[in-house]
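# Summary of the model geometry
Letter by letter, the chains look like this.
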Amino acid sequence: MDYYLITEDPINLAEALSMIDDPSTGAQAIFLGTVRNEFEGRPSLGLYYDVYPPMAQSQIRKIGEALKEEFDIRHVVIIHRIGELPVGAASVLVAVSAPHREQAFAAAKAGIDRVKQQVPIWKKEHWADGSSQWHDEPEGTKEPR
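Described below are features of the structure shown in this document. Fair warning: this is a prediction, and the values are worked out from it, not measured in the lab.

## Digging into the pattern of salt bridges
A full pass over the atoms with the stated rule returns five salt bridges. Among the salt bridges present, the one from Arg 114 reaches Glu 70, with a minimum N-O distance of 2.7 Å. In this pair, Arg 114 is assigned in helix α3 (residues 101-118) and Glu 70 in helix α2 (residues 53-71), connecting sequence segments 44 residues apart. A relative accessible area of 48% places Glu 70 in the partly exposed class.

So this is what it looks like as structure tokens:
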């Protein structure tokens with residue numbers, strides 16, 4: 001089953017795995033991004049993600065459809081959370097199933113790279129000193145690190 005979602009709700013990893021389960025596949029690859037406690041060496045307490053949901057939803061669907069065609073994977077799930085997220089919270093998930101591990105690994109990596117490059121999602125860092133700062137550009141406009 002393919003599934004694409006922009007949500008304020010926590011990401012349910014078990015549910016995502018059940019969506020890509022398929023007896024015709026021998027591999028599942030999952031990327032789960034979490035909020036870290038620092039950014040560029042500066043302590044952080046969490047993030048606020050903002051997005052225009054219809055545009056972002058459409059873009060993640062296009063990414064998923066392209067992954068299926070390019071990597072010959074069976075199923076793909078892409079979920080990105082928005083709103084206030086504390087350190088440790090899952091913020092983005094890309095999960096795929098494929099006949100073989102090479103396809104699954106390559107598709108999951110390409111999936112998260114494309115989400116970061118192509119989906120206009122803005123994030124605001126909440127610094128440990130009490131200040132906050134929007135990152136200069138949407139995540140989708142930078143090269144992956």
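## Some remarks on the sheet that holds strand β7 (residues 90-98)
Pairing is mixed across the open sheet formed by four strands, whose spatial order is β1-β5-β7-β2. Of all the strands in the sheet, just β1 (3-7) and β2 (27-34) have a single pairing partner and so form its edges. If you compare each strand with its neighbour and ignore which way they point, the axes differ by 5 degrees on average. Bridge count for strand β5 (residues 75-81) against β7 is six bridges, and the pairing is antiparallel.

## Focus: the pairing of strand β8 (residues 121-127)
The buried fraction of β8 is high, at five of seven residues. In this sheet, β8 lies alongside strand β4 (residues 42-51) in antiparallel orientation, the contact comprising seven bridges. Within β8, the residue paired with Tyr 48 across the bridge is Lys 124. With three bridges connecting them, β8 and strand β9 (residues 132-134) associate as antiparallel partners. What sits directly across from His 126, in β9, is Ser 132. Remark: four residues form the turn of the hairpin made by β8 and β9, two consecutive strands paired antiparallel; Gly 130 in that turn has positive phi of roughly 95 degrees.

Conventions used here
- Residues numbered from 1 in each chain as written.
- Predicted model: local features only at pLDDT ≥ 70, side-chain atom pairs only at ≥ 80, totals over all residues.
- Heavy atoms only, no water.
- Salt bridge = Lys/Arg side-chain N within 4 Å of Asp/Glu carboxyl O.
- Helix = DSSP H or I, 4+ residues; strand = E, 2+ residues; numbered from the N terminus.
- Buried < 20%, exposed > 50% of the residue type's maximum accessible area, 1.4 Å probe, protein only.
- Pairing = 2+ DSSP bridges.
- Axes fitted to C-alpha atoms, helices over the stretch in contact; angles between N-to-C directions.

Such coordinate-based values are descriptive only and should not be taken to indicate function.
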